[in-house]
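A closer look at the structure
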Amino acid sequence: QVQLVESGGGLVQPGGSLRLSCAASGSISSIYTMGWYRQAPGKQRELVAVINSGAIIHYVDGVKGRFTISADNAKNTVYLQMNSLKPEDTAVYLCYANLRVTGTRIPADAWGQGTQVTVSS
């Protein structure tokens, strides 16, 4: 079994900052990619940022220059530093990982439960 546990969401004023964390635990053999998606009410889930085992990073256009993704491979943890937050960033942020469970041969996707980020004055 694998678990992704997020933390760090909350309510922040426009222009403020939040830092999200996601720790992967369980019977993990390898992690290939970790990252963050978000889903706002009435909208489709969208990619925010991902980082792979080669430290290659991808951001969705709307967060470039404001959000920074990083990872601590030793802790199987990914972070998302969010600065200059806007009301349109309001969403449930979900942690994602593509990994291989111990004893299996094919990578699989894992998801966290999500953490609410609300940007409002």
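An account of the accompanying structure is given in this report.

1. Topic: the packing of aromatic side chains
For the coordinates displayed, the defined rule picks out three aromatic pairs. With centroids separated by 5.0 Å and ring planes inclined at 65°, the aromatic side chains of Tyr 37 and Trp 111 adopt a geometry described as edge-to-face. Here Trp 111 lies in strand β10 (residues 108–111) and Tyr 37 lies in strand β4 (residues 28–39), a separation of 74 residues in the sequence. The class of Trp 111 is partly exposed, set by a relative accessible area of 35%. Taken together, the ring pairs connect Tyr 37, Tyr 96 and Trp 111 into an aromatic cluster. The ring of Tyr 79 is capped by Arg 19, whose NZ or CZ atom sits 4.1 Å from the centre of that ring. Looking at Arg 45, its charged tip hangs above the ring of Trp 111, at a distance of 4.6 Å from the centre.

2. Here's the deal with the sheet that holds strand β1 (residues 2–7)
Judged by pairing direction, the sheet is antiparallel, and its four strands sit side by side in the order β1-β3-β8-β7 without closing on themselves. Two strands close off the open sheet at either side, each with one partner strand: β1 and β7 (67–72). When the angles between neighbouring strand axes are averaged without regard to direction, this sheet yields 15°. Summarising the sheet, β7 and strand β8 (residues 77–82) pair through six bridges and their orientation is antiparallel. Across the sheet, Thr 68 pairs through a bridge with Gln 81, a residue of β8.

3. What to know about the state of the cysteines
Enumeration according to the criterion identifies one disulfide in this entry. Paired by a disulfide, Cys 22 and Cys 95 hold their sulfur atoms 2.0 Å apart. Across the S-S bond of Cys 22 and Cys 95 the torsion is about -85°, and the bridge reads as left-handed. Taken together, the residues Cys 22 in strand β3 (residues 18–26) and Cys 95 in strand β9 (residues 91–101) connect sequence positions 73 residues apart. The two residues Cys 22 and Cys 95 agree in class, both being buried.

4. Digging into the side chain of Asn 98
By the element assignment, Asn 98 lies in strand β9. Look at Asn 98 and you get buried, because its relative accessible area is 17%. When neighbours within four sequence positions are excluded, Asn 98 is seen to be in contact with Ile 31, Tyr 32, Thr 33, Pro 107, Ala 108 and Asp 109.

5. Thoughts on the nonpolar core
If you look at the biggest cluster of nonpolar residues, it comprises 30 residues, and the most contacted ones within it are Met 34, Trp 36, Leu 80, Met 82 and Tyr 93. Elements with a contribution of two residues or more to this core: β3, β4, β5 (46–52), β7, β8, β9 and β11 (115–119). Considering each element in turn, this core owes the most residues, five residues, to β9. Among all residues touching Met 34, those that are not within four sequence positions of it are Leu 4, Cys 22, Ala 24, Val 50, Ile 51, Ile 69, Asn 76, Thr 77, Val 78, Cys 95, Tyr 96 and Ala 97.

6. Some details on unusual backbone geometry
The phi torsion at Ala 55 lies on the positive side, around 65°, for a residue other than glycine. Tracing the chain through its elements places Ala 55 in the loop between β5 and β6 (57–59). Looking at Ala 55, the relative accessible area reads 53%, which means it is exposed. Not every positive phi belongs to a glycine, and Asn 76 is a case in point at roughly 50°. Take Asn 76: it is sitting in the loop between β7 and β8.

What counts and what doesn't
- Residues numbered from 1 in each chain as written.
- Predicted model: local features only at pLDDT ≥ 70, side-chain atom pairs only at ≥ 80, totals over all residues.
- Heavy atoms only, no water.
- Phe/Tyr/Trp six-rings, centres within 6.5 Å; stacked < 30°, edge-to-face > 60°.
- Helix = DSSP H or I, 4+ residues; strand = E, 2+ residues; numbered from the N terminus.
- Buried < 20%, exposed > 50% of the residue type's maximum accessible area, 1.4 Å probe, protein only.
- Lys NZ or Arg CZ within 6 Å of the ring centre and 35° of its normal.
- Pairing = 2+ DSSP bridges.
- Axes fitted to C-alpha atoms, helices over the stretch in contact; angles between N-to-C directions.
- Disulfide = S-S within 2.5 Å.
- Contact = heavy atoms within 4.5 Å.
- Core = buried A, V, L, I, M, F, W, Y, C linked by side-chain atoms within 4.5 Å.

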